[in-house]
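Fold and contact review
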Amino acid sequence: MAFLPLRSVSLPAAADASYEAWLDELDGQLDAPGADWPAVVRQVLLGLYHPELPDWEAAVADPRRSRAARAALLALDPRNITLEPEYYADVDPVRFARVKPLLWLWYSFDRAPLAGQNVALGVALRRRLAPRIFARCGRNFKCFQHVEFSYGYNMDVGDDVVIHRHVLLDDRGGLTLGDRVSVSDYANIYSHTHSIVDQRDVTNARTVLEDDTRITYHATVLAGVRVGRNGMVGANAVATKNVRPYHVNVGIPAKSVRVKPNAPAETLPTDLVSRNDGEPEPT
């Protein structure tokens, strides 16, 4: 098996400077005293989707535009749209109102022509938005396109975390991601669950991914699960119970099938590698 670290890729100097200048300008607008974040986001999205229109209010008021065109322009302003978490009974309206404009910018950017598979600019923008949305965001956060959250403000994220494409991070009950956590494409991490009797009966439980854990392709981690340090949830697995440190859990429900060869002695089980996560296999 080949050892293939990521390559370093550079943009042309002019493009890199232009992107940085735009992001610096956005930082300044968001950090200005008394900044109106919905208005800032509206203007940014107007530039991304309709660069030929300098004035949003005039464009919306123009009677020559079709109703569909005016509706599309109205939706650039986060005050004119709703996001699903706003309907949740346990949402903190004040905290969500603060982060909602930035979530709308995050999601809308991913669907803009400028974004697409534009990795460098997308990662740079999300890296600037995340500390304003999350409860905590460590250094060198790297997030690819089409990642969605519940509230955003219940995210606690360590250093050097990587989130790949099309991931759902449900932080309704709180999510903690330790240092160097990696979540692969199309994974789902939950922190709330519904009663099988009445779906309005909701249980929130913080989900924790400890340092150096890996959640791989299309895997699901359910509410309240703790994936121990250097643990791994395999492709398509559903983790319904805790994953022990350095263990690799696969299947539905996910069970331990091996211990990583780099596991320190104190993490090794005293019995055979379990098939039911923590208890000896029945005889």
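Report on the accompanying structure.

The rules behind each value
- Residues numbered from 1 in each chain as written.
- Predicted model: local features only at pLDDT ≥ 70, side-chain atom pairs only at ≥ 80, totals over all residues.
- Heavy atoms only, no water.
- Helix = DSSP H or I, 4+ residues; strand = E, 2+ residues; numbered from the N terminus.
- Buried < 20%, exposed > 50% of the residue type's maximum accessible area, 1.4 Å probe, protein only.
- Core = buried A, V, L, I, M, F, W, Y, C linked by side-chain atoms within 4.5 Å.
- Contact = heavy atoms within 4.5 Å.
- Salt bridge = Lys/Arg side-chain N within 4 Å of Asp/Glu carboxyl O.

A few points about unusual backbone geometry
Residue Pro-253 is reached from Ile-252 by a cis peptide bond, and omega for that bond is -5°. Within the secondary structure layout, Pro-253 lies in the loop between strand E18 (247–250) and strand E19 (255–259). Phi at Asn-140 takes a positive value of approximately 60°, unusual for a residue other than glycine. With respect to the helices and strands, Asn-140 occurs in the loop between strand E1 (136–137) and strand E2 (142–143). A relative accessible area of 42% places Asn-140 in the partly exposed class. Here the phi dihedral of His-166 falls at roughly 55°; this positive angle occurs in a residue that is not glycine. With respect to the helices and strands, His-166 occurs in the loop between strand E5 (162–163) and strand E6 (168–169). Judged by its relative accessible area of 33%, His-166 falls in the partly exposed class.

Some thoughts on the nonpolar core
Ranked by size, the top nonpolar core spans 69 residues in total, and within it Trp-106, Phe-134, Phe-141, Ile-163 and Ile-215 carry the most contacts. Elements that contribute at least two residues to this core include exactly helix H1 (13–31), helix H2 (37–49), helix H3 (56–61), helix H5 (93–110), helix H6 (119–133), strand E4 (155–157) and strand E7 (175–177). With nine residues, the single largest contributor to this core is H5. For Ile-163, the residues in contact, after removing those within four places along its chain, are Phe-141, Lys-142, Cys-143, Phe-144, Val-147, Leu-169, Leu-177 and Val-183.

Some thoughts on the pattern of salt bridges
When their charged atoms lie close together, side chains carrying opposite charge are able to pair. Summed over the entire model, instances satisfying the criterion amount to 19 salt bridges. Arg-165 serves as the salt-bridge partner of Asp-185, at 2.6 Å between the closest nitrogen and oxygen. Of the two residues, Asp-185 sits in the loop between strand E8 (182–183) and strand E9 (188–189) while Arg-165 sits in the loop between E5 and E6, which places them 20 residues apart along the sequence. Relative accessible area serves as the criterion here: at 34%, Arg-165 is assigned to the partly exposed category. Among the charged side chains, a network of salt bridges with common partners joins Glu-20, Asp-24, Asp-27, Asp-31, Arg-128 and Arg-132.

Coordinates in, geometry out; function isn't part of it.
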